[in-house]
Structures are given as C-alpha cells and as structure tokens.
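Here are the chains, one letter per residue:
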Amino acid sequence: MPSSSVTLALSISLAGLVACSHDPATTAAPEKSTSNGTRQAPRDAPTALLAVLGLIQDSQQLSDLSVEHVGRHMGQTLQQATDGSPRYGFGVRLDDSWNYGVLLDTQQKPRFELSFNPSDEAASMQPLCQLDYAAFAARLQGLGLQRSAVLGEHGRLQHETFSKPGLQVSVYPQGESAGNAQHLCVRMVSIP
C-alpha cells in the first residue's frame, strides 16, 4: 500500500473534493445523465469499481488516460486542482463512514487512482465489499490482464499488478473488518 504520507496527502486533497460532491441522496450509474443533462459519479462502491473496469477495458495504453476519457468512464467531469497543477479529480461520499476519490495526475505520465477512504480507520469495509477483491481480480483477468502478486514482510500480500501490453493496474486489498480480515475488499486501484 502507498506510504502513509502519500495516503494522507491524497486523503487531504480528496477531502475537499468530497465536500464539494453531489447530494448523497441522488443515485446514478456511470455515464448516466440527470434530468438536467449533467453526469453523476457512481454512488456505491460496486458501481464505482465497475466503472474502473470499463475504463481499463477501453484503455490500451497509459496515454489513453486523459481527463475526458476518465471523466466519461467515471460518470463525472474531473475538476482541476485549485493550485492549478495538472491534477484532476472528484470525491463522493458513500455513507457516514466511507467516501471515495478519483485522482488523475497528468504532470508527466498519467496516473489514475480510485481510493476508498474511511472517516474512521476502524470502519468496516463490509458496505464496500459487494464486489470484493477476488471478484474484481477475476474480472481484470477476464479482460486479459496478467496477474502478479507483490508480497511484503512474511509473505503478506501488499498488492497485485494486472498488466497487458501498454497498461499496468495495481490493486490494493484490505480485510473487510477486524473480525473478518481474511475476506479482502478493494481499497485502491491505481494505473500505473
């Protein structure tokens, strides 16, 4: 998993985006329009992960990850960072315990990230785990990506990479809860 300083910086930058997100009572799937024609991001974890799978399926190489391409797949226009840097994103509050953020950094090589962020580190991932880690990984393999584990201390799974020529995806797991740590959920997806 990324270093705590990177995670903290990402969480802080996405917290502002989450605060500006749409009304959580509204629900829509990716690439759907509201009655006034605006698009809305997924309002639940499984739909957000399915949108990422669509993005991966329609991306042949890293350079495909443009602001427009990511926004189209994630169902919402990405907003540029307030400091004017080439970072774009948005955040969505899922419930009282969880939000997710989408980040696209286009500074040198594009870097995409979808991360689920708790308001309390002890929050159970159970509400986010309807499309769990195993099912998400199987869908990536179904798209033709080759799977490779990255192990840490004592053989513990840090993350897995899924790759095809021109594109690599990293998927970071987290146990559902303290009482069910063996059931893995998707905590973050990043490209590259």
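The rules behind these values
- Residues numbered from 1 in each chain as written.
- Predicted model: local features only at pLDDT ≥ 70, side-chain atom pairs only at ≥ 80, totals over all residues.
- Heavy atoms only, no water.
- Helix = DSSP H or I, 4+ residues; strand = E, 2+ residues; numbered from the N terminus.
- Buried < 20%, exposed > 50% of the residue type's maximum accessible area, 1.4 Å probe, protein only.
- Contact = heavy atoms within 4.5 Å.
- Areas by Shrake-Rupley, 256 points an atom, 1.4 Å probe, with all protein chains shown as cover.
- Core = buried A, V, L, I, M, F, W, Y, C linked by side-chain atoms within 4.5 Å.
- Axes fitted to C-alpha atoms, helices over the stretch in contact; angles between N-to-C directions.
- Parallel < 35°, antiparallel > 145°, perpendicular 65-115°, else oblique.
- Left-handed = near helix turned anticlockwise from the far one by under 90°.
- Nonpolar A, V, L, I, M, F, W, Y, C, P; charged D, E, K, R; others polar.
- Disulfide = S-S within 2.5 Å.

Within the protein one finds four helices and eight strands. Its helices and strands in sequence order give the protein the pattern α-α-α-β-β-β-β-α-β-β-β-β, from N to C terminus. When the 192 residues of the protein are sorted by exposure, 44% land in the buried category. Nonlocal contacts in the protein, meaning residues at least 24 apart in sequence, comprise 50% of its contacts between residues at least 6 apart. When the accessible area of the protein is evaluated, it comes to approximately 9600 Å², of which 49% is carbon and sulfur surface.

Before going further, it helps to spend a moment on the nonpolar core. The biggest cluster of nonpolar side chains holds 44 residues, and the ones touching the most others in it are Val-70, Met-74, Tyr-100, Phe-112, Leu-114, Phe-116 and Phe-136. Looking at this core, the elements that each hand over two or more residues are helix H2 (45-57), helix H3 (67-74), strand E2 (87-93), strand E3 (98-105), strand E4 (111-118), helix H4 (133-142), strand E7 (167-175) and strand E8 (184-191). Top element by residues in this core is H2. It accounts for eight residues. With residues up to four places along the chain from it excluded, the contact list for Val-70 reads Leu-55, Leu-65, Leu-78, Val-102, Leu-104 and Phe-112.

Bringing the environment of Tyr-100 into the picture now. Its location among the elements puts Tyr-100 in strand E3. A relative accessible area of 0% means that Tyr-100 is categorised as buried. Remark: the alpha-carbon pair of Tyr-100 and Asn-117, spanning 17 residues in sequence, is separated by 5.7 Å.

The next point concerns the packing of H2 against H4. Packed helix pairs are specified by the crossing angle of their axes together with the interaxial distance, meaning the distance between the axes. Running from N to C, H2 and H4 cross one another at 20°; their axes reach a closest spacing of 11 Å. Between H2 and H4, the interaxial angle falls into the category roughly parallel. As for how H2 packs across H4, the hand of that crossing is right-handed. Contacts from Leu-49, Leu-50, Val-52, Leu-53 and Ile-56 of H2 reach H4 at Phe-136, Arg-139 and Leu-140. Class assignment of the residues belonging to the contact of H2 with H4 gives a composition of seven nonpolar, no polar and one charged.

This brings us to the packing of H2 against H3. Where H2 meets H3, the closest approach of the two axes is 8 Å, and the angle between their N-to-C directions is 140°. What the angle tells us is that H2 and H3 run oblique. Taken as a pair, H2 and H3 cross one another with a handedness that is right-handed. Of H3, the residues touching H2 (which contributes Ala-48, Ala-51, Val-52, Gly-54 and Leu-55) are His-69, Val-70, His-73 and Met-74. Each residue belonging to the contact of H2 with H3 can be placed in one class, and the counts come to six nonpolar, three polar and no charged.

Here the focus is the state of the cysteines. For the coordinates displayed, the defined rule picks out one disulfide. A sulfur-sulfur distance of 2.1 Å marks the disulfide that ties Cys-129 to Cys-185. Across the S-S bond linking Cys-129 and Cys-185, the dihedral sits near -110°, which makes this disulfide left-handed. Placement of Cys-129 in the loop between E4 and H4 and of Cys-185 in strand E8 is noted, with a sequence separation of 56 residues between them. Each member of the pair, Cys-129 as well as Cys-185, carries the same accessibility label: buried.

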